[in-house]
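Per-entry structural report
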Amino acid sequence: MKKALIATMLGMALLALTAAPAISGDARTLKGEYVWNAMDGGGPLEAVFTPTGEGQWQVDFNFSFRGEDHTYSGTAEGALGSGTLKGEVMNESKKRTFTFEGSFEDGTFSGTHAETTPGRARDTGTLTLSL
């Protein structure tokens, strides 16, 4: 009986260790490029997607613009790697809001971004990201 109890406890411990990992610990980093239409600018783009629920993400876009590093943060919804993905991010001062949307094909996301501040969308460019 003692052996059965130990085996049961070990089995439960093993099950706890192999359970689904915490949602916040599964960040995925995608890399690509962005194009800024208004200034004929753009450059490398890194996006870190951290799951917050089924098909829901916290997203941080890291990039340089005019020689300064930026991180725009917000949320996204959709699947990484297939189908559509869309979201909204804000600049560091939270005074400018941008939306992005697009879809994945063969592991590469192609989409557009737009500034919605001051209340109407204005196309600002494109972005690509790869898994």
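To keep things clear, this report deals only with the structure shown in the data block.

Reading guide: rules and limits
Residues numbered from 1 in each chain as written. Predicted model: local features only at pLDDT ≥ 70, side-chain atom pairs only at ≥ 80, totals over all residues. Heavy atoms only, no water. Helix = DSSP H or I, 4+ residues; strand = E, 2+ residues; numbered from the N terminus. Buried < 20%, exposed > 50% of the residue type's maximum accessible area, 1.4 Å probe, protein only. Contact = heavy atoms within 4.5 Å. Core = buried A, V, L, I, M, F, W, Y, C linked by side-chain atoms within 4.5 Å. Polar contact = N/O pair within 3.5 Å; in protein donor to acceptor, adjacent residues only side chain to side chain. Phe/Tyr/Trp six-rings, centres within 6.5 Å; stacked < 30°, edge-to-face > 60°. Pairing = 2+ DSSP bridges. Axes fitted to C-alpha atoms, helices over the stretch in contact; angles between N-to-C directions. 1 Å grid on protein atoms, 1.4 Å probe; cavity = no way out; pocket = protein on both sides within 12 Å on 5 of 7 lines; lining within 4 Å. Points joined across faces, edges and corners; volume = space filled by probe spheres on them.

1. Things to note about the overall build of the chain
- Broken down by element type, the chain carries 1 helix and 8 strands.
- Counting from the amino terminus, helix and strand elements in the chain follow one another as α-β-β-β-β-β-β-β-β.
- Per-residue burial over the chain gives 29% buried out of 131 residues.
- Long-range pairs, those at least 24 residues apart, make up 27% of the contacts in the chain with a sequence separation of at least 6.

2. Notes on the nonpolar core
- In this structure, Phe49, Val59, Phe61, Leu85, Phe100, Leu127 and Leu129 are the most contacted members of the largest nonpolar core, which totals 21 residues.
- Looking at this core, the elements that each hand over two or more residues are strand E1 (28–36), strand E2 (41–53), strand E3 (56–65), strand E4 (68–78), strand E5 (83–90), strand E6 (97–105) and strand E8 (122–130).
- In terms of residues, this core owes the most to one element, E3, which gives 4 residues.

3. Section: the side chain of Glu115
- Tracing the chain through its elements places Glu115 in strand E7 (residues 108–115).
- A polar contact of 2.9 Å, which involves the side chain of Glu115, links it to the side chain of Arg96.
- Polar contacts involving the side chain of Glu115 include one to the side chain of Arg122, which spans 2.8 Å.

4. Things to note about the packing of aromatic side chains
- Applying the stated criterion across every chain yields a total of 8 aromatic pairs.
- When the ring of Phe49 is compared with that of Trp57, the centres are 6.1 Å apart and the planes differ by 85°; the resulting orientation is edge-to-face. With respect to class, Phe49 is no different from Trp57; both count as buried.
- Here the aromatic rings of Phe61 and Phe100 are separated by 5.0 Å at their centres, their planes lie at 90°, and the arrangement is edge-to-face. Here Phe61, found in strand E3, pairs with Phe100, found in strand E6; they are 39 residues apart in sequence, far enough to count as distant. This pair shows no difference in class: Phe61 is buried, exactly as Phe100 is.

5. What about the pairing of E5?
- In the sheet, E4 pairs with E5 via 6 bridges, with the strands oriented antiparallel. Bridging from a neighbouring strand, Thr75 pairs with Glu88 of E5.
- Hairpin geometry of E4 and E5 is characterised by an intervening segment of 4 residues between the two adjacent antiparallel strands and by a positive phi of about 110° at Gly81.
- As paired strands, E5 and E6 are joined by 8 bridges and run antiparallel to one another. Paired with Val89 across the strands is Phe98, a residue of E6.

6. Regarding the environment of Met90
- Here Met90 is to be found in strand E5.
- Residues Met90 and Thr117, spaced 27 residues apart in sequence, show a C-alpha to C-alpha distance of 9.8 Å.
- When neighbours within four sequence positions are excluded, Met90 is seen to be in contact with Thr71, Tyr72, Ser73, Arg96 and Thr97.

7. A short note on the sheet that holds E6
- Taken together, the 8 strands give a closed barrel; going around it, the order is E1-E2-E3-E4-E5-E6-E7-E8, and neighbouring strands pair in antiparallel fashion. Ignoring strand direction, the axes of neighbouring strands in this sheet form an average angle of 30°.

8. Some thoughts on the layout of surface pockets
- Size it by volume and the largest pocket reaches roughly 330 Å³.
- Taken together, 17 residues form the lining of the largest pocket, with Trp36, Phe63, Tyr72, Phe98 and His113 sitting closest to its centre.
- Counting residues per element, the ones that place at least two in the lining of the largest pocket are E1, E3, E4 and E6.

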